[in-house]
Amino acid sequence: MTGDERTADVEPALRSYGVSVESIDPGDPLELTYMTAFPGREIHRGEIGRALNALIDRAEADEWEPVRVEGTVVRSPGDVLGTWHAEADWFEALNSYEISETEFSARVLDTVSHETEGEPGDETEGGAPDAPETDEEADR
């Protein structure tokens, strides 16, 4: 099985784990964008877990060669909630029992970054940006 064949089924595998894939580039890094079912202010950890479990299971079955995974979570198309990533060597360490599932999860969760721009409440009435923060800006 070539590398292309091994990555061709990544999207269906993710979908079978309940991940609402918006786009995927199965190269190196694997760039995954998915729509959250929990469009709050933070990325839902369980959704990250489902995406990673799909990839871990494929790697264990020798159906996917681990690469860095860059996850982007959207509330709706174009509305980014945040990002996370997992390094290829973390998958390899997990599969060879060098680290535990808990350690793997902790490493990934440490990479979570939430978008701060465009969150509900960041704008004033009428859609204008928030008021200036310095006296000098307010005097203009």
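In the annotation of an unreviewed UniProt entry, the chain is listed under the name DUF8159 domain-containing protein and assigned to Halorubrum hochstenium ATCC 700873.

A separate point is the sheet that holds strand β4 (residues 79-86). Taken together, the five strands give an open sheet; going across it, the order is β1-β2-β3-β4-β5, and neighbouring strands pair in mixed fashion. Since the sheet does not close on itself, it has two edges, and those belong to β1 (20-25) and β5 (113-114), each with one partner. Pairing between strand β2 (residues 30-35) and strand β3 (residues 69-76): six bridges, direction parallel. From the neighbouring strand, L30 faces β3, where its bridge partner is V69.

This next bit is on the packing of helix α3 (residues 45-60) against helix α5 (residues 101-109). Packing of α3 against α5 brings their axes to within 11 Å, and their N-to-C directions diverge by 120°. With respect to α5, the axis of α3 lies oblique. Where α3 crosses over α5, the two elements pack in a sense that is right-handed. Contacts between α3 and α5 involve R45, I48, L52 and I56 from the first element and F104, V108 and L109 from the second. Looking at side-chain class alone, the contact of α3 with α5 contains six nonpolar, no polar and one charged residues.

This next bit is on the side chain of E47. Relative to the elements of secondary structure, E47 occurs in helix α3. A distance of 2.5 Å separates polar atoms of two side chains, one belonging to E47 and the other to T36. Apart from residues no more than four positions distant in its own chain, E47 is found in contact with Y34, M35, T36, A37 and F38.

On to the pattern of salt bridges. Scanning the entire structure with this criterion turns up seven salt bridges. Here R50 makes a salt bridge to E47, at a shortest N to O gap of 3.9 Å. Of this pair, R50 and E47 both sit in helix α3, separated by three residues, roughly a single helical turn. Taking relative accessible area as the criterion, R50 reaches 29% and is therefore assigned partly exposed. Measuring nitrogen to oxygen at the nearest pair gives 2.9 Å for the salt bridge that ties R68 to E70.

Scoring rules and cut-offs
Residues numbered from 1 in each chain as written. Predicted model: local features only at pLDDT ≥ 70, side-chain atom pairs only at ≥ 80, totals over all residues. Heavy atoms only, no water. Pairing = 2+ DSSP bridges. Helix = DSSP H or I, 4+ residues; strand = E, 2+ residues; numbered from the N terminus. Axes fitted to C-alpha atoms, helices over the stretch in contact; angles between N-to-C directions. Parallel < 35°, antiparallel > 145°, perpendicular 65-115°, else oblique. Left-handed = near helix turned anticlockwise from the far one by under 90°. Contact = heavy atoms within 4.5 Å. Nonpolar A, V, L, I, M, F, W, Y, C, P; charged D, E, K, R; others polar. Polar contact = N/O pair within 3.5 Å; in protein donor to acceptor, adjacent residues only side chain to side chain. Salt bridge = Lys/Arg side-chain N within 4 Å of Asp/Glu carboxyl O. Buried < 20%, exposed > 50% of the residue type's maximum accessible area, 1.4 Å probe, protein only.

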